[in-house]
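So you can see what is in the structure, the chains are spelled out below.
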Amino acid sequence: MKSLEELAQIRERMKNKVALREANGEIRIVVGMATCGIAAGARPVLNALVESVVKEDLKNVTVTQTGCIGMCRLEPIVEVFAPDQDRVTYVKMTPDKVPEIIEKHIKGGHPVTKYTIGAVEN
Amino acid sequence: MIRTQVLICGGTGCSSSNSMLIADRMEEEIVKQGLADEVKVVRTGCFGLCALGPVMIVYPEGTFYSRVKPEDVPEIVEEHLLKGRVVDRLVYRESEGDEKVEVPSLQETGFYKTQLRVALHNCGVINPEDIEEYIAVDGYAALGKVLTEMTPEQVIQVMKDSGLRGRGGAGFPTGLKWEFAARNKVPQKYVVCNADEGDPGAFMDRSVLEGDPHAVLEAMAIAGYAIGANKGYIYVRAEYPIAVKRLNLAINQAREYGLLGNDIFGSGFNFDIETRLGAGAFVCGEETALLTSIEGNRGEPRAKPPFPANKGLFGQPTIINNVETLANIPQIILKGADWFASMGTEDSKGTKVFALGGKIVNTGLVEIPLGTTLREIIFDIGGGIPNGRKFKAAQTGGPSGGCIPAKFLDTPIDYGNLTKIGSMMGSGGLIVMDDTTCMVDVARFFLDFTVDESCGKCTPCRIGTRRLLEMLDKITSGNGTLEDLDKMEELCYYIKNNAMCALGQTAPNPVLSTLKHFREEYEAHVVEKRCPAGVCKKLLRYEILPDKCKGCTKCARNCPVGAITGKVKEPHVIDQSKCIKCGACMDGCKFAAIIKK
């Protein structure tokens, strides 16, 4: 180790791997991962969410899983819990919807209404 | 991309209940379920809740599983890691009143809530065998800061301002020790880490070495820079195989990354560390005996002065710091002396790690700000005394410390207060005793230990402690007199004042403190020939109550020496001359007809 920059590089590279353990996300993104969810394709959605959160370096966001919510026909379901906001339920999720949700909802604070349960069901 | 991490405790406690097998199975199962790219298993150091081991935490949720068995692994992987359903039956439950309440995450348990983790802050959080994980949590940043921005004098000033005192027991101010060594202008000086943790029931240093070995290495390099030393030794017990393995691994990794060796951070500063294994002699925890042992000689103490800071290892100026002391240092450098000095009391700054053991629900490791009361540690964090029994005393400081009775439960714990009430901080072993503990027997136990461990170099310790033990033996076997108690006290002070090293000087403490706080128990042994706690076998008597005995013959069959006789369906009798007081009859009796006096 010849310089502080070298140390800083390793720290940057490793930081995300360890940050997961702090579990202090203010915003929680929860993916339904019961049998119904997995069958409908929840795992690629989950992975896409995790990747975007890391890529965008969103420190206040935690991505976790949950079981079956009960609306199996609408899976994959992703719910977003943010402080001072009603919970938002996205249904029939796909990996390509993820960037838009991250950009507009998670970073911008405006839910992407067209993917939510209200829009899809009506 | 890794979305979930499973942290499994790889400390000595959980390892001995198979946690490493669980980690291996977990990895196999994760591959089997096709989750290898998404879930990672991390083997960490001790979480602290050893009584509940093997323990694991699943992040990012922070779900805390306790008492996991290898056969639970497939269920955890399929249910939790794949489908996101927490395995309820393995989630840790805490007693709240009569009810058991589920505690979803470690931070919310009563055990953790009031703790403040400084020395242990990486234990159970990072993988101690991966230097990059340590770097990710600001590891080696303190060394970088010291080498590129600070002068040795500034480093020593920060240490002095922080108020950090030695965590090995004596509580000498660390900054002052460094300053003494720095003043000696000679080319060769040494930094030694005392990891010869020998108190019965203490395992604080082991957990730091196992859970965060790089913090110790980093602190030693900082110390080396501050005093002008380029060589360090870690003297660690050979009985700590996991700690030794991780230390050596950490040293090799640090060398590979150029964090030990020549010209660290391009500053021109050189520093290297080697380990030395202790063979388990208690006296080698005494600093001068430790140095003698590193030099390759029989571990015997030397007279002080000269102090090691002036004339230590191989006759050169040497500082000796305890593991826990060192573990605090990188954070003091990064966060500042004021941050550290803001915790604790006027007399003692910062936090202290205690190893909770004995009659307590949450056996394990806790770190609290100094100034916390014994009541908070034992009842709030430790979960109190099991089986509804009553608290009697707490023993701190191991064989050098004393017993603290219930009336001092609300005394804030710091170096000064513990000495005032006749005990000492010691390295942090805290053994809790309930009303089934005999205080004379406790004193006898510790004396027995020091007699064994006395190195024999000076007479007061070699012969004095043996005479003291003989007097205690006499009392516990019912042959003591009141005069013996006075003689014993006199001998205690004689040994204290005349022994050569700390081992002898503190050896009488367990006797003195129990004599002071529990004299009535000694008197019961001497005058009434009775052991109130029912521990001292020679003073015990088992009897069968004729009106309760149904004559079922179970006790007669259980008795290993045939001391019980009687006809079927008639009350039985114990022959006191044959009875060996093992208690097998009483344990087996369904009618509570056998009593212990």
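Residues numbered from 1 in each chain as written. Chains lettered and ligands numbered in written order. Predicted model: local features only at pLDDT ≥ 70, side-chain atom pairs only at ≥ 80, totals over all residues.

Peer 1: Looking at this structure, I do not really get the overall build of chain B. What am I missing?
Peer 2: Secondary structure assignment for chain B yields 25 helices and 20 strands. By the compact-globule yardstick of 25 Å for 597 residues, chain B fits well, its C-alpha radius of gyration being 27 Å. Along the first, second and third principal axes, the C-alpha set of chain B runs to 90 × 65 × 40 Å. Counting every position in chain B, which comprises 597 residues, the buried fraction comes to 54%. Considering only contacts within chain B whose residues lie at least 6 apart along the sequence, 72% involve residues at least 24 apart. (Helix = DSSP H or I, 4+ residues; strand = E, 2+ residues; numbered from the N terminus. Rg over C-alpha atoms; globule rule 2.2 N^0.38 Å. Buried ≥ 20, exposed ≤ 12 C-beta atoms within 10 Å, placed from the backbone. Contact = placed C-beta atoms within 7 Å.)

Peer 1: Got a minute to help me understand the overall build of chain A in this structure?
Peer 2: A count of helical and extended segments in chain A gives five helices and four strands. Taken from the N to the C terminus, the helices and strands of chain A come in the order α-β-α-α-β-β-β-α-α. The C-alpha extent of chain A, read off along each of the three principal axes, is 60 × 30 × 25 Å. Long-range pairs, those at least 24 residues apart, make up 64% of the contacts in chain A with a sequence separation of at least 6.

Peer 1: Whenever I open this one, the environment of B:Lys245 confuses me. Can you help?
Peer 2: With respect to the secondary-structure elements, B:Lys245 resides in helix H11 (residues 241–256). For B:Lys245, a count of 14 C-beta atoms within 10 Å gives the class partly exposed.

Peer 1: Help me out: how do you make sense of the pairing of strand S2 (residues 61–66) of chain A in this one?
Peer 2: As a general feature of sheets, a regular strand has side chains that alternate between the two faces. Residue and element names in this part refer to chain A. S2 sits mainly inside the fold: six of its six residues count as buried. Burial along S2 is two-sided: the residues Val 61, Val 63 and Gln 65 and Thr 62, Thr 64 and Thr 66 are all buried. One ladder, built from six bridges, connects strand S1 (residues 27–32) with S2; its direction is parallel. Residue pairing across strands places Val 31 opposite Gln 65, the latter belonging to S2. (Pairing = 2+ DSSP bridges.)

Peer 1: I'm lost on the nonpolar core in this one. Help?
Peer 2: Generally speaking, a soluble globular protein has its nonpolar side chains buried in company with each other. Core analysis: the largest hydrophobic core is formed by 211 residues, its most contacted members being A:Leu49, B:Met56, B:Val216, B:Met220 and B:Ile222. When residues in this core are grouped by element, the largest group, eleven residues, is from helix H10 (residues 213–227) of chain B. Counting eleven residues, the second largest nonpolar core, distinct from the first, contains B:Ile544, B:Cys559, B:Ala563 and B:Ile564. (Core = buried A, V, L, I, M, F, W, Y, C linked by C-beta atoms within 7 Å.)

Peer 1: Is there a simple way to think about the sheet that holds strand S7 (residues 190–195) of chain B in this case?
Peer 2: Sheet strands pair via backbone hydrogen bonds, and the direction of the pair is either parallel or antiparallel. All names here are of chain B. Strands sit in the order S9-S10-S8-S7-S11 across an open sheet of five strands; the sheet is mixed. Looking along the sheet, the strands with just one partner apiece sit at the ends: strand S9 (261–264) and strand S11 (318–322). Strand-to-strand twist in this sheet, taken as the mean axis angle between neighbours without regard to direction, amounts to 25°. By the bridge criterion, six bridges tie S7 to strand S8 (residues 231–237) in an arrangement that is parallel. Across the sheet, the residue bridging to Asn 194 is Tyr 235, located in S8. Along the sheet face, H11 touches S8, S9 and strand S10 (269–278) and points at about 165° away from the line of S10. (Axes fitted to C-alpha atoms, helices over the stretch in contact; angles between N-to-C directions.)

Peer 1: I would appreciate a short explanation of the domain arrangement of chain B in the present structure.
Peer 2: When the parts of a complex come together, some accessible area is lost, and that lost area is often used as the size of the interface. Domain annotation of chain B identifies domain 1 (4–113), domain 2 (131–341), domain 3 (351–434), domain 4 (439–526) and domain 5 (541–596). Using only C-alpha atoms to locate each centre, domain 1 of chain B and domain 4 of chain B end up separated by 46 Å. (Domains from an automatic or database assignment.)

Peer 1: Teacher, can you tell me more about the packing of helix H19 (residues 464–476) of chain B against helix H20 (residues 482–498) of chain B here?
Peer 2: Pairs of packed helices are described in terms of their axes, by the angle between the two and the distance that separates them. Residue and element names in this part refer to chain B. Relative to each other, H19 and H20 sit at 160°, their axes nearing to 10 Å. Our classification of the angle between H19 and H20 gives roughly antiparallel. Once H19 is placed against H20, the crossing between them reads as left-handed. Residues Gly 464, Thr 465, Arg 467, Leu 468, Met 471, Lys 474 and Ile 475 of H19 lie in contact with H20, whose contacting residues are Asp 484, Lys 487, Met 488, Leu 491, Cys 492, Tyr 494 and Ile 495. (Parallel < 35°, antiparallel > 145°, perpendicular 65-115°, else oblique. Left-handed = near helix turned anticlockwise from the far one by under 90°.)

Peer 1: What should I look at first to understand the sheet that holds strand S14 (residues 391–396) of chain B in this one?
Peer 2: Residue and element names in this part refer to chain B. If you trace the five strands from one edge of the open sheet to the other, you get S13-S12-S16-S14-S15, paired in mixed fashion. Two strands in the sheet have a free side with no partner beyond their single neighbour: strand S13 (364–369) and strand S15 (402–405). Taken over all neighbouring pairs, the strand axes of this sheet differ in orientation by 30° on average, direction set aside. The pairing of S14 with S15 spans four bridges and is antiparallel. From the neighbouring strand, Gln 395 faces S15, where its bridge partner is Cys 403.

Peer 1: Could you clarify how one ought to interpret the confidence of the model for chain B in this entry?
Peer 2: Residue and element names in this part refer to chain B. In the predicted model, chain B carries a mean pLDDT of 93, and 99% of its residues have values of at least 70. Mean pLDDT across the elements of chain B ranges from a minimum in strand S6 (residues 99–102), with 68, to a maximum in S7, with 98. Across the interface, the model reports ipTM at 0.80; the global pTM reads 0.88. (pLDDT = per-residue confidence, 0-100.)

Peer 1: Got a minute to help me understand the interface of chain A and chain B in this structure?
Peer 2: Contact with chain A, which involves 29 residues of that partner, is made by 31 residues of chain B. Every element with two or more residues in the side of chain A that touches chain B is listed here: helix H1 (4–19), helix H3 (42–55) and S2 of chain A. Looking at the side of chain A that touches chain B element by element, the count peaks at eight residues for H1(A). Residues of the side of chain A that touches chain B, tallied by class, amount to 14 nonpolar, nine polar and six charged. (Nonpolar A, V, L, I, M, F, W, Y, C, P; charged D, E, K, R; others polar.)

Peer 1: Sorry if this is basic, but what is going on with unusual backbone geometry here?
Peer 2: Outside of glycine, negative phi angles account for most residues, and trans bonds account for most peptide bonds. Residue and element names in this part refer to chain B. Cis geometry marks the peptide bond from Gly 53 to Pro 54; its omega dihedral reads -5°. Note that Pro 54 resides in the loop between strand S2 (39–44) and strand S3 (56–59). A cis amide bond, omega 10°, links Tyr 59 with the succeeding residue Pro 60. Examined against the element boundaries, Pro 60 turns out to sit in the loop between S3 and strand S4 (63–65).

Peer 1: Even after reading the chapter, I still don't get the packing of helix H6 (residues 141–149) of chain B against H10(B), so can you show me in this structure?
Peer 2: Residue and element names in this part refer to chain B. H10 packs onto H6 with a crossing angle of 15° between their chain directions and a minimal axis gap of 9 Å. By the angle between their directions, the pair H6 and H10 is classed as roughly parallel. H10 is crossed by H6, and the crossing has left-handed handedness. Residues Ala 142, Leu 143, Val 146 and Leu 147 of H6 pack against Glu 218, Ala 221, Ile 222 and Tyr 225 of H10.

Peer 1: Quick question: what am I supposed to make of the environment of B:Ile413 here?
Peer 2: Positionally, B:Ile413 belongs in the loop between S15 and helix H16 (415–420). Residues in contact with B:Ile413, not counting those within four places in the same chain, are B:Leu370, B:Gly371, B:Thr372, B:Thr373, B:Leu374 and B:Leu418.

Peer 1: How should I be thinking about H19(B) in this particular structure?
Peer 2: Quick reminder: α-helices carry 3.6 residues per turn. Residues three or four places apart thus point the same way. All names here are of chain B. For H19, spanning 13 residues, the distance from its first C-alpha to its last is 19 Å, which sits close to the expected 18 Å at 1.5 Å a residue. Burial in H19 covers these residues: Gly 464, Thr 465, Leu 468, Leu 469, Leu 472, Ile 475 and Thr 476. Seen along its axis, H19 keeps its buried residues to an arc of 135°; they face one direction. Residues of H19 that are buried in the fold lie against helix H17 (439–453), helix H18 (459–462), H20, helix H22 (509–517) and helix H23 (519–526). (Expected span 1.5 Å × (residues − 1). Arc of directions from axis to C-beta.)

Peer 1: Looking at this model, I keep getting lost on H11(B). Mind explaining?
Peer 2: Residues and elements named next belong to chain B. With 16 residues, H11 ought to run about 22 Å at 1.5 Å a step, and its terminal C-alpha atoms sit 23 Å apart, in line with that. Of all the positions in H11, only Ala 243, Val 244, Arg 246, Leu 247, Ala 250, Ile 251 and Ala 254 are classed as buried. Residues of H11 that are buried in the fold lie against helix H5 (131–136), helix H9 (204–211), H10, S8 and S10. Immediately downstream of H11, the backbone of Gly 258 shows phi near 70°, a positive value.

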